[in-house]
Amino acid sequence: MSRTLPSKNEFIDGILTGNRMLLSRAITLIESTKQKHQDLAQEVIEGCLPYSGNSIRIGITGVPGVGKSTFIEAFGNHIIENQNRTLAVLAVDPSSSKTRGSILGDKTRMETLSNHPKAYVRPTPTSGSLGGVAQSTRETITLCEAAGFNTILIETVGVGQSETAVHSMVDFFLLLMLAGAGDELQGIKRGIMEMADAIAINKADSGNEEAAKRAMAEYKSALHLFPPTESGWIPKVATCSAVHGKGISDIWEIVDAFVRHTKTKGFFDKKRKEQANYWLDEAITQELHRSFYKNDELKHMLTQIRRQVQDGEISSYKAARILMDRFLG
Ligand SMILES: Nc1nc2c(ncn2[C@@H]2O[C@H](COP(=O)(O)OP(=O)(O)OP(=O)(O)O)[C@@H](O)[C@H]2O)c(=O)[nH]1
Ligand SMILES: [Mg+2]
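To keep things clear, this report deals only with the structure shown in the data block. Bear in mind the structure is a predicted one, so any value in this text is a computation, not a measurement.

## Here's the deal with the pairing of strand β4 (residues 151–157)
For β4, the tally of buried residues reaches seven of seven residues, placing the bulk of the element in the interior. Here β4 shows a buried face lined by Thr151, Leu153, Glu155 and Val157 and a second buried face lined by Ile152, Ile154 and Thr156. In terms of strand pairing, strand β1 (residues 56–62) meets β4 through seven bridges, oriented parallel. Residue pairing in the sheet places Gly59 in a bridge with Ile154 of β4.

Written out as C-alpha coordinates, the structure is:
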(Lines give C-alpha, C1' and ligand atoms only; values in the text may rest on other atoms or scores of the structure.)
(Ligands and ions follow the chains in the order given, each with its own letter.)
Protein backbone atom coordinates (compact mmCIF):
# COMPACT_ATOMS: atom_id res chain seq x y z
CA MET A 1 0.00 0.00 0.00
CA SER A 2 2.40 2.65 -1.19
CA ARG A 3 -0.15 5.22 -2.39
CA THR A 4 -1.45 7.70 0.16
CA LEU A 5 -4.24 6.24 2.23
CA PRO A 6 -7.76 7.45 1.55
CA SER A 7 -9.50 8.97 4.56
CA LYS A 8 -11.99 7.08 6.69
CA ASN A 9 -14.90 8.82 4.97
CA GLU A 10 -13.50 8.22 1.50
CA PHE A 11 -13.31 4.54 2.36
CA ILE A 12 -16.81 4.38 3.80
CA ASP A 13 -18.46 6.35 0.99
CA GLY A 14 -16.55 4.32 -1.59
CA ILE A 15 -17.59 1.00 -0.07
CA LEU A 16 -21.22 2.05 0.29
CA THR A 17 -21.34 2.99 -3.39
CA GLY A 18 -19.79 -0.34 -4.35
CA ASN A 19 -16.33 0.90 -5.32
CA ARG A 20 -14.32 -2.33 -5.56
CA MET A 21 -10.92 -0.69 -5.52
CA LEU A 22 -11.71 0.94 -2.17
CA LEU A 23 -13.33 -2.25 -0.88
CA SER A 24 -10.16 -4.21 -1.73
CA ARG A 25 -7.91 -1.61 -0.15
CA ALA A 26 -10.02 -1.59 3.00
CA ILE A 27 -9.76 -5.38 3.24
CA THR A 28 -6.00 -5.07 2.85
CA LEU A 29 -6.06 -2.68 5.83
CA ILE A 30 -8.01 -5.24 7.84
CA GLU A 31 -5.38 -7.86 7.03
CA SER A 32 -2.47 -5.54 7.76
CA THR A 33 -0.49 -5.96 10.97
CA LYS A 34 0.44 -2.26 11.14
CA GLN A 35 -1.27 -0.45 14.00
CA LYS A 36 -2.02 2.59 11.85
CA HIS A 37 -3.79 0.40 9.30
CA GLN A 38 -5.67 -1.50 11.99
CA ASP A 39 -6.93 1.72 13.58
CA LEU A 40 -8.20 3.07 10.28
CA ALA A 41 -9.71 -0.32 9.41
CA GLN A 42 -11.67 -0.34 12.66
CA GLU A 43 -13.11 3.10 11.92
CA VAL A 44 -14.11 2.01 8.43
CA ILE A 45 -15.76 -1.15 9.79
CA GLU A 46 -17.65 0.89 12.35
CA GLY A 47 -18.91 3.19 9.62
CA CYS A 48 -20.04 0.22 7.54
CA LEU A 49 -21.67 -1.78 10.33
CA PRO A 50 -25.08 -0.06 10.12
CA TYR A 51 -25.26 -1.06 6.45
CA SER A 52 -24.23 -4.67 6.94
CA GLY A 53 -26.06 -7.85 7.83
CA ASN A 54 -28.42 -7.97 4.90
CA SER A 55 -27.11 -11.11 3.26
CA ILE A 56 -27.12 -14.87 3.31
CA ARG A 57 -23.77 -16.14 4.55
CA ILE A 58 -22.82 -19.61 3.35
CA GLY A 59 -19.81 -21.67 4.41
CA ILE A 60 -18.49 -24.40 2.14
CA THR A 61 -16.12 -27.08 3.33
CA GLY A 62 -14.74 -30.40 2.14
CA VAL A 63 -11.38 -32.07 1.70
CA PRO A 64 -8.84 -30.69 -0.81
CA GLY A 65 -9.85 -31.56 -4.35
CA VAL A 66 -13.51 -32.30 -3.58
CA GLY A 67 -14.42 -29.42 -5.86
CA LYS A 68 -15.20 -26.48 -3.58
CA SER A 69 -13.86 -23.79 -5.91
CA THR A 70 -15.46 -25.39 -8.97
CA PHE A 71 -18.74 -25.64 -7.05
CA ILE A 72 -18.57 -21.99 -6.03
CA GLU A 73 -18.07 -21.00 -9.66
CA ALA A 74 -21.15 -22.99 -10.77
CA PHE A 75 -23.30 -22.08 -7.77
CA GLY A 76 -22.27 -18.44 -7.89
CA ASN A 77 -23.10 -18.08 -11.55
CA HIS A 78 -26.43 -19.79 -10.99
CA ILE A 79 -27.57 -17.49 -8.21
CA ILE A 80 -26.35 -14.39 -10.05
CA GLU A 81 -27.94 -15.29 -13.39
CA ASN A 82 -31.12 -17.03 -12.22
CA GLN A 83 -31.80 -15.67 -8.76
CA ASN A 84 -30.71 -12.10 -9.38
CA ARG A 85 -28.30 -12.18 -6.46
CA THR A 86 -24.88 -10.65 -5.92
CA LEU A 87 -21.96 -12.54 -4.46
CA ALA A 88 -18.73 -12.09 -2.55
CA VAL A 89 -16.39 -15.08 -2.26
CA LEU A 90 -13.92 -15.29 0.64
CA ALA A 91 -11.70 -18.05 1.95
CA VAL A 92 -10.39 -19.12 5.35
CA ASP A 93 -7.37 -21.29 4.94
CA PRO A 94 -4.75 -20.30 7.50
CA SER A 95 -2.98 -23.63 7.71
CA SER A 96 -2.30 -23.89 4.04
CA SER A 97 1.04 -23.28 2.46
CA LYS A 98 -0.78 -22.33 -0.72
CA THR A 99 1.59 -20.92 -3.23
CA ARG A 100 0.72 -18.01 -5.42
CA GLY A 101 0.23 -20.57 -8.16
CA SER A 102 -2.74 -22.23 -6.56
CA ILE A 103 -4.34 -18.93 -5.65
CA LEU A 104 -4.15 -18.21 -9.34
CA GLY A 105 -5.54 -21.71 -9.83
CA ASP A 106 -8.52 -20.76 -7.69
CA LYS A 107 -9.04 -17.68 -9.79
CA THR A 108 -9.06 -19.72 -12.99
CA ARG A 109 -11.50 -22.19 -11.41
CA MET A 110 -13.68 -19.19 -10.67
CA GLU A 111 -12.98 -17.49 -13.96
CA THR A 112 -16.46 -16.24 -14.79
CA LEU A 113 -17.08 -15.16 -11.23
CA SER A 114 -13.74 -13.36 -10.97
CA ASN A 115 -14.72 -11.23 -13.94
CA HIS A 116 -18.41 -10.86 -13.19
CA PRO A 117 -19.65 -7.36 -12.30
CA LYS A 118 -22.03 -8.85 -9.73
CA ALA A 119 -19.36 -10.92 -7.99
CA TYR A 120 -16.31 -10.13 -5.94
CA VAL A 121 -13.65 -12.79 -5.37
CA ARG A 122 -11.11 -12.09 -2.66
CA PRO A 123 -8.03 -14.35 -2.69
CA THR A 124 -7.08 -16.20 0.49
CA PRO A 125 -4.95 -14.26 2.96
CA THR A 126 -1.72 -16.20 2.89
CA SER A 127 -0.53 -15.80 6.42
CA GLY A 128 -1.70 -15.39 9.97
CA SER A 129 -3.04 -17.47 12.81
CA LEU A 130 -6.49 -19.01 12.53
CA GLY A 131 -7.80 -16.57 15.14
CA GLY A 132 -6.44 -13.62 13.19
CA VAL A 133 -7.66 -14.84 9.84
CA ALA A 134 -11.10 -15.66 11.24
CA GLN A 135 -11.44 -12.21 12.73
CA SER A 136 -10.38 -10.47 9.54
CA THR A 137 -12.78 -12.63 7.53
CA ARG A 138 -15.65 -11.59 9.78
CA GLU A 139 -14.72 -7.97 9.31
CA THR A 140 -14.44 -8.51 5.57
CA ILE A 141 -17.99 -9.90 5.56
CA THR A 142 -19.18 -6.63 7.10
CA LEU A 143 -17.50 -4.57 4.38
CA CYS A 144 -18.76 -6.81 1.56
CA GLU A 145 -22.32 -6.56 2.86
CA ALA A 146 -22.03 -2.79 3.15
CA ALA A 147 -20.80 -2.77 -0.46
CA GLY A 148 -24.11 -4.37 -1.41
CA PHE A 149 -23.26 -8.05 -1.84
CA ASN A 150 -26.27 -10.03 -0.62
CA THR A 151 -24.68 -13.49 -0.70
CA ILE A 152 -21.38 -14.30 0.98
CA LEU A 153 -19.63 -17.61 0.26
CA ILE A 154 -16.71 -18.67 2.42
CA GLU A 155 -14.58 -21.57 1.27
CA THR A 156 -12.56 -23.48 3.83
CA VAL A 157 -10.71 -26.73 3.67
CA GLY A 158 -12.31 -29.42 5.80
CA VAL A 159 -9.39 -30.96 7.60
CA GLY A 160 -8.61 -28.79 10.59
CA GLN A 161 -10.03 -26.21 12.95
CA SER A 162 -10.91 -23.66 10.33
CA GLU A 163 -14.34 -25.12 9.58
CA THR A 164 -15.38 -24.57 13.18
CA ALA A 165 -14.42 -20.91 12.85
CA VAL A 166 -16.27 -20.60 9.55
CA HIS A 167 -19.31 -22.40 10.93
CA SER A 168 -19.56 -19.75 13.61
CA MET A 169 -19.67 -16.91 11.08
CA VAL A 170 -22.20 -18.25 8.56
CA ASP A 171 -25.95 -18.85 8.43
CA PHE A 172 -25.72 -22.02 6.37
CA PHE A 173 -22.97 -24.61 6.30
CA LEU A 174 -22.52 -26.88 3.29
CA LEU A 175 -20.29 -29.95 3.32
CA LEU A 176 -19.08 -31.29 -0.03
CA MET A 177 -18.26 -35.00 -0.16
CA LEU A 178 -17.30 -37.60 -2.74
CA ALA A 179 -18.95 -40.93 -3.37
CA GLY A 180 -16.94 -44.08 -2.94
CA ALA A 181 -14.43 -42.69 -0.48
CA GLY A 182 -14.99 -43.72 3.13
CA ASP A 183 -15.31 -41.01 5.74
CA GLU A 184 -11.85 -41.78 7.06
CA LEU A 185 -10.45 -41.49 3.61
CA GLN A 186 -12.11 -38.14 3.21
CA GLY A 187 -10.71 -37.01 6.51
CA ILE A 188 -14.08 -35.67 7.54
CA LYS A 189 -14.75 -35.99 11.21
CA ARG A 190 -18.15 -36.69 12.66
CA GLY A 191 -18.13 -33.25 14.25
CA ILE A 192 -17.99 -31.62 10.83
CA MET A 193 -20.92 -33.67 9.56
CA GLU A 194 -22.80 -32.59 12.63
CA MET A 195 -22.28 -28.93 11.71
CA ALA A 196 -23.62 -29.35 8.18
CA ASP A 197 -27.00 -27.94 7.19
CA ALA A 198 -26.63 -29.84 3.93
CA ILE A 199 -24.27 -32.36 2.38
CA ALA A 200 -23.69 -32.41 -1.37
CA ILE A 201 -22.05 -35.41 -3.01
CA ASN A 202 -20.03 -33.78 -5.77
CA LYS A 203 -18.63 -35.27 -9.00
CA ALA A 204 -21.88 -37.14 -9.67
CA ASP A 205 -20.92 -37.46 -13.33
CA SER A 206 -18.84 -39.57 -15.74
CA GLY A 207 -20.33 -42.89 -14.61
CA ASN A 208 -20.21 -41.92 -10.97
CA GLU A 209 -23.93 -41.10 -10.75
CA GLU A 210 -25.12 -44.36 -9.18
CA ALA A 211 -22.38 -44.38 -6.56
CA ALA A 212 -23.30 -40.80 -5.70
CA LYS A 213 -26.94 -41.77 -5.22
CA ARG A 214 -25.95 -44.64 -2.94
CA ALA A 215 -23.73 -42.32 -0.92
CA MET A 216 -26.62 -39.88 -0.68
CA ALA A 217 -28.85 -42.56 0.83
CA GLU A 218 -26.12 -43.56 3.28
CA TYR A 219 -25.53 -40.02 4.46
CA LYS A 220 -29.24 -39.43 4.80
CA SER A 221 -29.60 -42.32 7.19
CA ALA A 222 -26.38 -41.38 9.01
CA LEU A 223 -27.70 -37.85 9.56
CA HIS A 224 -30.86 -39.23 11.11
CA LEU A 225 -28.77 -40.60 13.95
CA PHE A 226 -27.59 -37.13 14.90
CA PRO A 227 -29.50 -35.17 17.52
CA PRO A 228 -32.12 -32.84 16.02
CA THR A 229 -31.07 -29.24 15.46
CA GLU A 230 -32.47 -26.47 17.62
CA SER A 231 -34.47 -24.94 14.77
CA GLY A 232 -35.93 -28.30 13.76
CA TRP A 233 -34.18 -28.11 10.38
CA ILE A 234 -33.30 -31.56 9.07
CA PRO A 235 -29.99 -31.49 7.18
CA LYS A 236 -30.51 -32.27 3.51
CA VAL A 237 -28.39 -34.45 1.25
CA ALA A 238 -28.08 -33.93 -2.51
CA THR A 239 -25.84 -34.94 -5.38
CA CYS A 240 -24.29 -32.55 -7.87
CA SER A 241 -21.71 -32.12 -10.56
CA ALA A 242 -19.97 -28.80 -10.20
CA VAL A 243 -18.14 -29.23 -13.48
CA HIS A 244 -21.34 -29.92 -15.47
CA GLY A 245 -23.56 -27.60 -13.44
CA LYS A 246 -25.92 -30.45 -12.54
CA GLY A 247 -27.88 -30.35 -9.29
CA ILE A 248 -26.64 -26.86 -8.52
CA SER A 249 -30.08 -25.23 -8.61
CA ASP A 250 -31.36 -27.86 -6.13
CA ILE A 251 -28.71 -26.80 -3.66
CA TRP A 252 -29.78 -23.19 -3.93
CA GLU A 253 -33.36 -24.38 -3.27
CA ILE A 254 -32.13 -26.06 -0.10
CA VAL A 255 -30.40 -22.88 1.08
CA ASP A 256 -33.51 -20.88 0.29
CA ALA A 257 -35.75 -23.33 2.17
CA PHE A 258 -33.38 -23.22 5.14
CA VAL A 259 -33.46 -19.43 5.26
CA ARG A 260 -37.26 -19.37 5.09
CA HIS A 261 -37.51 -22.09 7.75
CA THR A 262 -35.17 -20.37 10.20
CA LYS A 263 -36.47 -16.85 9.55
CA THR A 264 -40.11 -17.65 10.22
CA LYS A 265 -39.19 -19.16 13.55
CA GLY A 266 -36.74 -16.48 14.61
CA PHE A 267 -33.76 -18.84 14.59
CA PHE A 268 -31.95 -16.97 11.84
CA ASP A 269 -31.52 -13.83 13.95
CA LYS A 270 -31.00 -15.78 17.14
CA LYS A 271 -28.03 -17.60 15.60
CA ARG A 272 -26.52 -14.35 14.37
CA LYS A 273 -26.82 -12.86 17.85
CA GLU A 274 -25.16 -15.90 19.38
CA GLN A 275 -22.39 -15.65 16.82
CA ALA A 276 -21.87 -11.96 17.62
CA ASN A 277 -21.56 -12.90 21.27
CA TYR A 278 -19.10 -15.64 20.49
CA TRP A 279 -16.89 -13.31 18.45
CA LEU A 280 -16.98 -10.66 21.14
CA ASP A 281 -15.62 -13.18 23.62
CA GLU A 282 -13.05 -14.33 21.07
CA ALA A 283 -11.93 -10.74 20.49
CA ILE A 284 -11.56 -10.13 24.23
CA THR A 285 -9.52 -13.30 24.64
CA GLN A 286 -7.28 -12.37 21.74
CA GLU A 287 -6.82 -8.82 22.94
CA LEU A 288 -5.92 -9.97 26.45
CA HIS A 289 -3.52 -12.50 25.05
CA ARG A 290 -1.89 -9.95 22.78
CA SER A 291 -1.45 -7.26 25.41
CA PHE A 292 -0.13 -9.77 27.94
CA TYR A 293 2.55 -11.19 25.67
CA LYS A 294 3.68 -7.89 24.19
CA ASN A 295 4.30 -6.35 27.61
CA ASP A 296 8.11 -6.03 27.93
CA GLU A 297 8.21 -6.27 31.69
CA LEU A 298 6.10 -9.41 31.65
CA LYS A 299 8.23 -10.88 28.89
CA HIS A 300 11.24 -10.55 31.11
CA MET A 301 9.44 -11.96 34.17
CA LEU A 302 8.07 -14.80 32.10
CA THR A 303 11.53 -15.91 30.99
CA GLN A 304 12.67 -16.17 34.60
CA ILE A 305 9.51 -17.69 35.98
CA ARG A 306 9.46 -20.24 33.18
CA ARG A 307 12.80 -21.54 34.39
CA GLN A 308 11.50 -21.80 37.95
CA VAL A 309 8.45 -23.72 36.75
CA GLN A 310 10.63 -26.09 34.72
CA ASP A 311 12.87 -26.69 37.73
CA GLY A 312 9.86 -27.45 39.87
CA GLU A 313 10.47 -24.49 42.19
CA ILE A 314 7.01 -23.08 41.68
CA SER A 315 3.75 -24.46 40.32
CA SER A 316 2.57 -23.27 36.92
CA TYR A 317 -0.67 -22.07 38.48
CA LYS A 318 1.12 -19.95 41.03
CA ALA A 319 3.49 -18.63 38.36
CA ALA A 320 0.55 -17.58 36.23
CA ARG A 321 -1.05 -15.86 39.24
CA ILE A 322 2.10 -13.84 39.90
CA LEU A 323 2.29 -12.75 36.27
CA MET A 324 -1.41 -11.91 36.14
CA ASP A 325 -1.21 -9.84 39.31
CA ARG A 326 1.61 -7.83 37.77
CA PHE A 327 -0.29 -7.56 34.47
CA LEU A 328 -3.37 -6.21 36.20
CA GLY A 329 -1.24 -3.79 38.20
N1 LIG B 1 -15.59 -34.93 -12.68
C2 LIG B 1 -15.68 -33.86 -11.88
N3 LIG B 1 -14.57 -33.20 -11.52
C4 LIG B 1 -14.70 -32.12 -10.71
C5 LIG B 1 -15.97 -31.68 -10.26
N6 LIG B 1 -15.78 -30.60 -9.47
C7 LIG B 1 -14.45 -30.37 -9.43
N8 LIG B 1 -13.79 -31.28 -10.19
C9 LIG B 1 -12.34 -31.35 -10.43
O10 LIG B 1 -11.68 -31.64 -9.20
C11 LIG B 1 -10.45 -30.92 -9.09
C12 LIG B 1 -10.40 -30.10 -7.83
O13 LIG B 1 -11.38 -29.09 -7.90
P14 LIG B 1 -11.33 -27.77 -6.99
O15 LIG B 1 -12.57 -27.01 -7.28
O16 LIG B 1 -10.05 -27.06 -7.15
O17 LIG B 1 -11.36 -28.41 -5.54
P18 LIG B 1 -11.22 -27.67 -4.13
O19 LIG B 1 -12.05 -28.45 -3.19
O20 LIG B 1 -11.51 -26.23 -4.25
O21 LIG B 1 -9.70 -27.90 -3.79
P22 LIG B 1 -8.77 -27.08 -2.74
O23 LIG B 1 -9.02 -25.62 -2.94
O24 LIG B 1 -7.39 -27.49 -3.10
O25 LIG B 1 -9.16 -27.55 -1.37
C26 LIG B 1 -10.34 -30.09 -10.36
O27 LIG B 1 -9.55 -30.77 -11.29
C28 LIG B 1 -11.78 -30.00 -10.85
O29 LIG B 1 -11.87 -29.84 -12.24
C30 LIG B 1 -17.13 -32.40 -10.69
O31 LIG B 1 -18.28 -32.09 -10.37
N32 LIG B 1 -16.92 -33.49 -11.50
MG1 LIG C 1 -10.39 -24.47 -3.74
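Here the narrative resumes, following the displayed structure.
## Concerning the coordination of the magnesium ion (ligand 2)
The textbook angles at a metal center are 109.5 degrees for a tetrahedron of four donors and 90 or 180 degrees for an octahedron of six. At the metal site, the magnesium ion (ligand 2) is ligated by Ser69 (OG) and Glu155 (OE), and these contacts range over 2.1 to 2.3 Å. With a gap of 86 residues between them, Ser69 in helix α4 (residues 68–82) and Glu155 in strand β4 connect regions that are remote in the sequence. What makes Glu155 buried here is its relative accessible area of 9%.

## Considerations on the sheet that holds strand β7 (residues 236–239)
Taken in spatial order, the seven strands of this open sheet run β3-β2-β4-β1-β5-β6-β7, and their pairing is parallel. Edge strands, defined here as strands with exactly one partner in the open sheet, are β3 (119–121) and β7. Averaged over all pairs of adjacent strands, the angle between strand axes in this sheet comes to 20°, irrespective of strand direction. Both strand β5 (residues 172–178) and strand β6 (residues 198–202) contribute to a ladder of five bridges, which runs parallel. Across the sheet, Leu175 pairs through a bridge with Ile199, a residue of β6. Strand contacts of helix α11 (residues 209–224): β5, β6 and β7, with the helix running at about 175° to β7, the strand carrying the most contacts.

## Thoughts on the pattern of salt bridges
This structure, assessed with the given rule, holds 12 salt bridges. Residue Asp171 is joined to Arg272 by a salt bridge in which the shortest nitrogen-to-oxygen separation is 2.8 Å. With Asp171 in the loop between α8 (162–167) and β5 and Arg272 in helix α13 (residues 267–294), this pair connects stretches of sequence that are 101 residues apart. Residue Asp171 is classed as buried on the basis of its relative accessible area of 3%. Using a relative accessible area of 14% as the deciding quantity, one classes Arg272 as buried. Among the salt bridges present, the one from Lys270 reaches Glu230, with a minimum N-O distance of 2.3 Å.

## A closer look at the environment of Leu40
Here Leu40 is to be found in helix α3 (residues 35–48). In the structure, Leu40 is positioned 11 residues away from Leu29 in sequence and 7.6 Å away in space, judged by C-alpha atoms.

## Things to note about the nonpolar core
Core analysis: the biggest nonpolar cluster contains 51 residues, and Ile15, Leu23, Val44, Leu143, Ile154, Ile199 and Ile201 have the highest contact counts within it. For this core, the two domains that each supply at least three residues are domain 1 (1–51) and domain 2 (53–264). Sequence-distant contacts of Ile199, defined by excluding residues within four places in its chain, comprise Leu174, Leu175, Met177, Met193, Tyr219, Leu223, Lys236, Val237 and Ala238. Of all hydrophobic cores here, the second largest spans 35 residues; its members include Ile58, Phe75, Ile79 and Leu113.

## Comments concerning the packing of aromatic side chains
A full pass over the atoms with the stated rule returns eight aromatic pairs. With 5.0 Å between their ring centres and 70° between their planes, Phe292 and Tyr293 make a pair best called edge-to-face. The exposure class assigned to Phe292 is buried, which follows from its relative accessible area of 12%. Centroid distance Phe292 to Phe327: 5.3 Å. Interplanar angle 70°. Geometry classified as edge-to-face. Here Phe292, found in helix α13, pairs with Phe327, found in helix α15 (residues 316–327); they are 35 residues apart in sequence, far enough to count as distant.

## Here we look at the packing of helix α12 (residues 248–264) against α13
Running from N to C, α12 and α13 point in directions that differ by 85°, and their axes come no closer than 5 Å. Considered as vectors, α12 and α13 are oriented roughly perpendicular to each other. On α13, the residues touching Phe258, Val259, Thr262 and Lys263 of α12 are Phe267, Phe268 and Lys271. Residue classes in the contact of α12 with α13 are distributed as four nonpolar, one polar and two charged.

## Quick notes on the packing of helix α14 (residues 296–310) against α15
In contact at an axis separation of 10 Å, α14 and α15 are set at 165° when each is read in the N-to-C sense. It follows from the interaxial angle that α14 and α15 lie roughly antiparallel. At the point where α14 passes α15, the crossing takes the right-handed sense. Along its contact with α14, which presents Glu297, Leu298, Met301, Leu302, Ile305 and Val309, the element α15 presents Ser316, Ala319, Ile322, Leu323, Arg326 and Phe327. Considered class by class, the residues forming the contact of α14 with α15 number nine nonpolar, one polar and two charged.

Thresholds applied
Residues numbered from 1 in each chain as written. Chains lettered and ligands numbered in written order. Predicted model: local features only at pLDDT ≥ 70, side-chain atom pairs only at ≥ 80, totals over all residues. Heavy atoms only, no water. Buried < 20%, exposed > 50% of the residue type's maximum accessible area, 1.4 Å probe, protein only. Helix = DSSP H or I, 4+ residues; strand = E, 2+ residues; numbered from the N terminus. Pairing = 2+ DSSP bridges. Donors = N, O, S within 2.8 Å, 3.2 Å for Na, K, Ca; no water. Axes fitted to C-alpha atoms, helices over the stretch in contact; angles between N-to-C directions. Contact = heavy atoms within 4.5 Å. Salt bridge = Lys/Arg side-chain N within 4 Å of Asp/Glu carboxyl O. Core = buried A, V, L, I, M, F, W, Y, C linked by side-chain atoms within 4.5 Å. Domains from an automatic or database assignment. Phe/Tyr/Trp six-rings, centres within 6.5 Å; stacked < 30°, edge-to-face > 60°. Parallel < 35°, antiparallel > 145°, perpendicular 65-115°, else oblique. Nonpolar A, V, L, I, M, F, W, Y, C, P; charged D, E, K, R; others polar. Left-handed = near helix turned anticlockwise from the far one by under 90°.

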